[in-house]
Amino acid sequence: MSLEFFCLTDTGRLRENNEDAVAVDESARLAVLADGMGGYNAGEVASGMVTAFLKAELGRWLGESAGIASDTDVRRAMDICVENANQALHAAAQANPHYAGMGTTLVVAVFRHNRLLLGHIGDSRAYRMRGGRLLRMTRDHSLLQEQIDAGLISPDQAVFAAHRNLVTRAMGVQDTVLLETHQHDLRAGDTVLLCSDGLTDMLDDEQIASLLQEPVGLGEAGTALVAAANAAGGRDNIAVVLVRATGRDAGGRSWWPFRR
């Protein structure tokens, strides 16, 4: 199975700087997205540090070991690389007063044959589009999600909640962090979306699905997602990573993307 990658970040319509960052290593079949937070330019520093670190360290390990490593080995490597990145980020925040309190969300995806190994921290998300149906593969680490899970607020009420962007887990805030990891199957024709809340705060799942099922290339689909988020208000930075599986999967199914 072959993979096609596309990534894009946008400042949005209201912010002056861009605290979202993305990184892709196609040879390692690795994608990383981070949404930074903090004063001054600390959010940019946090997200940039984490994406660069993971692309370099996890990408190098995957390049050297992915052919012989088990899924358990890869998930362990993801944990170790994220923990090392977190310690580096936390140390930088402690050493520089301008970076005090900086942190970032994270989504990291490793594609292996007919499987996707996914890790996330915070409220940046991952989705899988298959056969016209959109599946959300991550659950936000946020105060709002905890209140929804506890039945204190409904999903409809959550749309208007003032505290919708308060995360309960982030990289760099403490000297240790827990990466939530899980595995999903991957088929020819699937499109995987990683995104920051600058997209999901502006567009609901139905709108995202509608744009992803258009018969266009990844670049056009990604650009359309960002444009739609900006048209809806663009209140935050927007980051998207799209990965499309093409060719023939383990079940013998074949699929090729639309080409202009």
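Preceding this section is the structure that the text describes.
As the structure is a computational prediction, the values presented were derived from the model and not from experiment.

### A closer look at the overall build of the protein chain
- Along the backbone of the protein chain there are 7 helices and 12 strands.
- Split into buried and exposed, the 260 residues of the protein chain put 49% on the buried side.
- About 11,900 Å² of surface is accessible on the protein chain, with carbon and sulfur atoms providing 49% of the total.

### Describing unusual backbone geometry
- We note that R29 has phi near 55 degrees; this positive angle belongs to a residue other than glycine.
- Looking at where R29 falls in the secondary structure, it is placed in the loop between β2 (20-25) and β3 (30-37).
- Note on R29: relative accessible area 22%, which makes it partly exposed.
- A positive phi angle is found at H113, which is not glycine, with a value near 55 degrees.
- By the element assignment, H113 lies in the loop between β5 (106-112) and β6 (115-121).

### So, the nonpolar core
- Core analysis: the biggest nonpolar cluster contains 30 residues, and L58, L106 and M171 have the highest contact counts within it.
- When contributions to this core are tallied by element, the ones reaching two or more residues are β3, α1 (42-65), α2 (71-95), β5 and β6.
- Here the element with the most residues in this core is α2; it accounts for 9 residues.
- Beyond its immediate stretch of four places on either side in the chain, M171 contacts V50, V82, A85, N86, L89, M102, G103, T104, L106, I121 and V177.

### Structural notes on the pattern of salt bridges
- On inspection of all chains with the given rule, the structure shows 11 salt bridges.
- Residue R115 is joined to D71 by a salt bridge in which the shortest nitrogen-to-oxygen separation is 2.7 Å. A residue pair is termed long-range when its members are at least 10 positions apart, and R115 in strand β6 and D71 in helix α2 qualify at 44 residues.
- What makes D71 buried here is its relative accessible area of 17%.
- A salt bridge links R187 to D185, with the shortest nitrogen-to-oxygen separation between them at 3.5 Å.
- Owing to a relative accessible area of 33%, R187 belongs among the partly exposed residues under this scheme.
- When its relative accessible area of 35% is taken as the criterion, D185 is described as partly exposed.
- Through salt bridges with shared partners, a single ionic network connects R128, R130, D185, R187 and D190.

### Observations concerning the environment of D190
- Along the chain, the position of D190 falls in the loop between β9 (180-185) and β10 (191-195).
- Sequence separation between D190 and T246 is 56 residues; the distance between their C-alpha atoms is 7.9 Å.
- With residues near it in sequence (within four places) discarded, D190 still touches R128, M129, R130, D185, V243, R244 and A245.
- At a separation of 2.8 Å, a polar atom in the side chain of D190 contacts the side chain of R130.

### A short note on the environment of G222
- Residue placement: G222 occurs in helix α7 (residues 218-231).
- Those residues in contact with G222 that sit more than four places away from it in its chain are F6, L8, V240 and L242.

### Some thoughts on the side chain of D20
- Assignment of secondary structure puts D20 in strand β2.
- Buried charge without a salt bridge: D20, with R15 as the nearest opposite-charge side chain at an N-O distance of 7.5 Å.
- Here the side chain of D20 touches I238 through a polar contact of 3.4 Å, landing on its backbone nitrogen.
- Contacts of D20, omitting those with residues within four sequence positions, involve T9, A34, D35, G36, S47, S196, N237, I238 and A239.

Rules used in this analysis
Residues numbered from 1 in each chain as written. Predicted model: local features only at pLDDT ≥ 70, side-chain atom pairs only at ≥ 80, totals over all residues. Heavy atoms only, no water. Helix = DSSP H or I, 4+ residues; strand = E, 2+ residues; numbered from the N terminus. Buried < 20%, exposed > 50% of the residue type's maximum accessible area, 1.4 Å probe, protein only. Areas by Shrake-Rupley, 256 points an atom, 1.4 Å probe, with all protein chains shown as cover. Core = buried A, V, L, I, M, F, W, Y, C linked by side-chain atoms within 4.5 Å. Contact = heavy atoms within 4.5 Å. Salt bridge = Lys/Arg side-chain N within 4 Å of Asp/Glu carboxyl O. Polar contact = N/O pair within 3.5 Å; in protein donor to acceptor, adjacent residues only side chain to side chain. Lys, Arg positive; Asp, Glu negative; His and termini not counted.

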